[in-house]
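Coordinate analysis (summary)
One letter stands for each residue in the lines below.
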Amino acid sequence: MCAMYVFQNVSSLPSPGSVSSPVIAGMKLNSSSMVLQCESKGWYPEPEVVWLDGEGNLLSAGPTETVRGPDDLYTVSSRVTVEKRHSNSFTCRVQQKNINQTREIEIQVSADYFVDTSSSAAARIGIIVVAVLVFILAAAFVLWKWRKNQTKGQHSKTHCLQTCVHRDIGE
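About the thresholds
- Residues numbered from 1 in each chain as written.
- Predicted model: local features only at pLDDT ≥ 70, side-chain atom pairs only at ≥ 80, totals over all residues.
- Heavy atoms only, no water.
- Buried < 20%, exposed > 50% of the residue type's maximum accessible area, 1.4 Å probe, protein only.
- Helix = DSSP H or I, 4+ residues; strand = E, 2+ residues; numbered from the N terminus.
- Pairing = 2+ DSSP bridges.
- Axes fitted to C-alpha atoms, helices over the stretch in contact; angles between N-to-C directions.
- Contact = heavy atoms within 4.5 Å.
- Patch = residues over 30% accessible without salt bridge, like charges linked within 9 Å, V, L, I, M, F, W, Y side chains within 5 Å.
- Areas by Shrake-Rupley, 256 points an atom, 1.4 Å probe, with all protein chains shown as cover.
- Salt bridge = Lys/Arg side-chain N within 4 Å of Asp/Glu carboxyl O.

Below, the discussion takes up the pairing of strand β2 (residues 33–43). Residues in a regular strand point their side chains to alternate faces of the sheet. With 8 of 11 residues buried, β2 is to be regarded as a mostly interior element. For strand β1 (residues 23–28) and β2, the ladder comprises 6 bridges, and the chain directions are antiparallel. If you follow M27 over to β2, its bridge partner there is V35.

With that settled, consider the sheet that holds strand β6 (residues 89–96). The strand order across the open sheet built from 3 strands is β3-β6-β7, with neighbouring strands paired in antiparallel fashion. Strands with a single pairing partner mark the edges of an open sheet, and in this sheet they are β3 (48–53) and β7 (101–108). For this sheet, the mean inter-axis angle between neighbouring strands, taken without regard to orientation, is 20°. Here β6 runs beside β7; their pairing, made up of 8 bridges, is antiparallel. What sits directly across from R93, in β7, is E104.

Here I24 shows up in strand β1. Along the primary structure I24 and E39 are separated by 15 residues, whereas in three dimensions their C-alpha atoms are 6.7 Å apart. Those residues within four positions of I24 in sequence are excluded, and the remaining contacts are L36, Q37, C38, W51, C92, I105 and I107.

The next subject is a nonpolar patch on the surface. Together, I125, I128, V129, V132, L133, F135 and I136 make up a nonpolar patch on the protein surface, roughly 700 Å² of accessible area in all. Within the fold, I136 resides in helix α1 (residues 117–169).

The next thing to look at is the environment of G42. For G42, the location among the structural elements is in strand β2. With 24 residues separating them along the chain, G42 and S18 place their C-alpha atoms 5.8 Å apart.

Right, let's talk about the sheet that holds β2 for a bit. Reading across the sheet, the 4 strands line up as β1-β2-β5-β4 and stay open at both edges, with antiparallel pairing between neighbours. Either end of the sheet is taken by a strand with one partner, and the two such strands are β1 and β4 (65–68). The average angle at which neighbouring strand axes cross in this sheet is 15°, direction not considered.

Quick look at the structure:
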C-alpha cells in the first residue's frame with residue numbers, strides 16, 4: 001500500500017487579514033432594474049459572497065467569479081440584478097467563516113435612478129399629438145373662415161350684378 005503525503009511550509013501560506021473592503025459598481029439595465037457588481041481582493045482561504053436587500057433578505061445572485069492570484073490570494077466578484085424596492089438599499093457581504101472574517105458594503109440606490117423613462121416618452125408623444133390636433137383644428141377654422149368670406153364676397157357680387165341688371169331693365 002502506497003500513500004502520498006503533501007506537506008506545505010505553514011509559514012508560506014497567505015495570512016488572513018489583508019483583505020480589501022468590497023467595492024460596488026452599478027449599471028442600469030432599464031427603467032426598473034439594474035445590475036450591481038461587487039468585488040473584493042486579498043482573501044485566503046476562498047470566501048463566499050452574498051447579497052442582501054434592505055431588510056436583510058438574501059438576494060439571488062449569479063455565480064461568484066473567483067480568481068486566485070500568483071500570491072495565492074483570492075479575488076472574488078459577484079453580480080446581482082435588482083429591481084426597485086421599498087428601501088432600494090443593497091448589501092454585498094464577503095465572508096470567510098473558517099477564519100471569522102467578514103467585509104461588507106451597503107449601497108443606497110436613489111429612487112430617481114429607477115424613474116420610468118417610458119412614461120415620460122409617452123407624455124411627450126401625448127403632448128405632440130395634442131399639438132398636432134390643435135394645429136389641424138386651427139387650420140380647419142381658418143379655411144372655413146376664408147371660404148365663408150369668399151362665399152360672402154361672391155354673394156355680394158351676384159347681388160350687385162342682379163341689382164344692376166334689374167335697374168337696367170327698368171324694374
